[in-house]
Amino acid sequence: MKVAAIIAEYNPFHQGHSYQISETRRITGADYVLVIMSGNFVQRGAPAICNKYVRTKMALLGGADAVIELPSLYAVSSAEYFAQGAVTLLENLQTVDFLSFGSECGDLSRLAAVASRLVSEDSAYQSALSSFLRKGCSFPEARAKALTSLDENNAELLASPNNILGIEYCKSLLASHSQIRPFTVKRSGSDYHDSALANPEGDFSSASAIRRAACASFSCDKSDASEGIDFESIKAHMPSACFAAFQAEILSASPITEDDFSSLLHYKLLSEMENGFSEYLDCTPDLSDKICSNLPSYIGFSDFCEKLKSKDVTYTRLSRVLLHILLGIKTPDTYLTPFTQRALYVPYARLLGFREGASALLKKLKQKSQIPLLSKLADAETLLTKEGYTFLKQDLFCASVYEAAVCAKKRGTALNEFRQSPIHMKGHTIHD
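Residues numbered from 1 in each chain as written. Predicted model: local features only at pLDDT ≥ 70, side-chain atom pairs only at ≥ 80, totals over all residues. Heavy atoms only, no water.

A look at the pattern of salt bridges
Logical step 1: All chains considered together, the criterion is met by 18 salt bridges.
Logical step 2: The partner of lysine 145 in a salt bridge is glutamate 141, with the nearest N and O atoms 3.4 Å apart. You can see lysine 145 and its partner glutamate 141 sitting in helix H7 (residues 139-150), four residues apart, about one turn around the helix.
Logical step 3: Glutamate 141 sits in the partly exposed class, given a relative accessible area of 37%.
Logical step 4: With a shortest N-O distance of 3.1 Å, glutamate 168 and lysine 171 are connected by a salt bridge. Of this pair, glutamate 168 and lysine 171 both sit in helix H9 (residues 161-175), separated by three residues, roughly a single helical turn. (Salt bridge = Lys/Arg side-chain N within 4 Å of Asp/Glu carboxyl O. Helix = DSSP H or I, 4+ residues; strand = E, 2+ residues; numbered from the N terminus. Buried < 20%, exposed > 50% of the residue type's maximum accessible area, 1.4 Å probe, protein only.)

A closer look at the pairing of strand E1 (residues 3-8)
Walk down a regular strand and you will see the side chains alternate between the two sheet faces.
Logical step 1: Among the six residues in E1, six count as buried, and that is most of the element.
Logical step 2: Both faces of E1 are covered, namely the face carrying Val3, Ala5 and Ile7 and the face carrying Ala4, Ile6 and Ala8.
Logical step 3: Remark: the E1/helix H1 (residues 15-28)/strand E2 (residues 32-38) crossover connection has right-handed handedness.
Logical step 4: Here E1 pairs with strand E6 (residues 98-103) via three bridges, running parallel. (Right-handed = clockwise from strand over helix to strand, strands pointing away. Pairing = 2+ DSSP bridges.)

Structural notes on the environment of valine 401
Logical step 1: Examined against the element boundaries, valine 401 turns out to sit in helix H19 (residues 386-410).
Logical step 2: You can call valine 401 buried: its relative accessible area is 9%.
Logical step 3: Expressed as a C-alpha distance, the spacing of valine 401 and leucine 365, which sit 36 residues apart in the sequence, is 30 Å.
Logical step 4: Here valine 401 is in contact with Phe41, Phe261, Leu264, Leu326 and Leu327, once residues within four sequence places are set aside. (Contact = heavy atoms within 4.5 Å.)

What to know about the nonpolar core
Logical step 1: The biggest cluster of nonpolar side chains holds 99 residues, and the ones touching the most others in it are Ile68 and Ile291.
Logical step 2: With residues up to four places along the chain from it excluded, the contact list for isoleucine 68 reads Leu34, Val35, Ile36, Met37, Leu89, Leu93, Ala349, Arg350, Leu351, Leu352, Leu365 and Leu373.
Logical step 3: Listed in part, the 32 residues of the second largest apolar core include Ala8, Cys50, Leu61 and Leu352. (Core = buried A, V, L, I, M, F, W, Y, C linked by side-chain atoms within 4.5 Å.)

A short note on the confidence of the model for the protein
Logical step 1: Summary statistics for the protein give a mean pLDDT of 91 and a share of 93% for residues scoring 70 or more.
Logical step 2: In this model residues 219-226 is a low-confidence stretch, pLDDT under 50, and it forms nine contacts with partners more than four residues away in sequence or in other chains. (pLDDT = per-residue confidence, 0-100.)

As for empty space enclosed by the protein
Logical step 1: Following the criterion strictly, the structure yields one cavity of 30 Å³ or more and no others.
Logical step 2: Empty space within the largest cavity amounts to approximately 70 Å³.
Logical step 3: Along the wall of the largest cavity there are 14 residues; nearest its centre are Gly39, Asn40, Phe41, Ser72 and Cys398.
Logical step 4: Those elements that place two or more of their residues in the lining of the largest cavity are strand E5 (66-70), helix H3 (72-75) and H19.
Logical step 5: With three residues, H19 is the single largest residue contributor to the lining of the largest cavity. (1 Å grid on protein atoms, 1.4 Å probe; cavity = no way out; pocket = protein on both sides within 12 Å on 5 of 7 lines; lining within 4 Å. Points joined across faces, edges and corners; volume = space filled by probe spheres on them.)

Things to note about the packing of aromatic side chains
Logical step 1: Overall, the coordinates contain 13 aromatic pairs when judged by the stated rule.
Logical step 2: Pairing tyrosine 74 with tyrosine 335 gives two aromatic rings, centres 6.5 Å apart and planes at 25°, and the pair type is stacked. You can see tyrosine 74 sitting in helix H3 and its partner tyrosine 335 sitting in the loop between helix H16 (315-327) and strand E8 (349-355), a full 261 residues away along the chain.
Logical step 3: Among the residues examined, tyrosine 74 registers a relative accessible area of 1% and is labelled buried.
Logical step 4: For tyrosine 335, a relative accessible area of 6% corresponds to the buried category.
Logical step 5: Members of the aromatic cluster, joined through ring pairs, are Tyr74, Tyr81, Tyr335, Tyr345, Tyr348 and Phe391. (Phe/Tyr/Trp six-rings, centres within 6.5 Å; stacked < 30°, edge-to-face > 60°.)

A look at H9
Logical step 1: With 15 residues, H9 extends 21 Å from end C-alpha to end C-alpha; this agrees with the ideal 21 Å at 1.5 Å per step.
Logical step 2: Burial of H9 is extensive: 11 of the 15 residues sit out of reach of the surface. (Expected span 1.5 Å × (residues − 1).)

Thoughts on the pairing of E5
Logical step 1: Counted residue by residue, E5 has five buried out of five residues, so it is predominantly covered.
Logical step 2: As judged from the four bridges shared by E5 and E8, these two strands associate in the antiparallel manner. Counterpart to alanine 66 in the pairing with E8 is phenylalanine 354.

Have a look at this one:
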């Protein structure tokens, strides 16, 4: 049995994602495609446009065989920790043969070469990195300039987000001496950040463009936020069954955005302002001071990011920091350890969904995995150590915060994680 894994957010699932799954299955010869997916909050420091169960359903309809949740700590971390957390989870499963990821360059050898240089920390790279850090560059900027100074072709490579994430996946596989083989599918169509929908007869549209289209007519003060959303413009960019699931959720709760958490964030910031925020992940003392000094002019989540951003601190970084504060995510001790010595903690694999034909995959996961495969939360306290259960409660808290915003729009009852079974997809998916 060959198993390929994909680490994803599917925010939301679109034709490009379907293409990656089918190409991965075709080229690697994988019998099963396992997805490690972010939960209700995603890596750019924002809520997912719809909840993890809807996105799990879309993934299964789009060709995946099973979906496991990436713990929230890693799902909302910067690229290095996002990638390493997900790869650690895959390693613990002891079931996966390939790790497939999309990249703008489509050239695994180039991505692996950069990853190797970063893991080996060769003297030429270290010298160049130190030089740029001394000049006042931020670490990501200094790293990019150091790598480019050693090979000018790296400039283009490091300008694209999926290439950067691909390098991080390769880094994590190399550092852990993993037997999982990396595999990349060249991205086809719109750039990751493209905000306009592509021509449906040609290129694939990005998830960013689909989110933008879904939110284009959205206003927080509308009584019916779905009113005016041009679903027809979105429909061609998603597999039909996935689009139906997406449309139903948007009509039910409307798109979820960071500004739906504005009041919750404001309360959190006000209640902890006296002690500052530098204990939270990615928040420096200087940034904590800046948050406190600007708090009297707080209007909302996105507006506050705009107020705080600067040449040195991007909107995405700020959004991620504010999300860490909202969700109570503080800097773990493991994040302070140098990359090559770091061992991230992943004590369980939480199953979000599976398709009917994946019984052999689930059986292998249960047999081979070094960590419990959680399909019923009621069993978690028995299956996990005290530390592992505490780690799980962070995920449950994040889910509850997300549901608070959803319920404010639906005016309904919050989804209960303990009563939610994994999505069991019966019938055919698009790859059958």
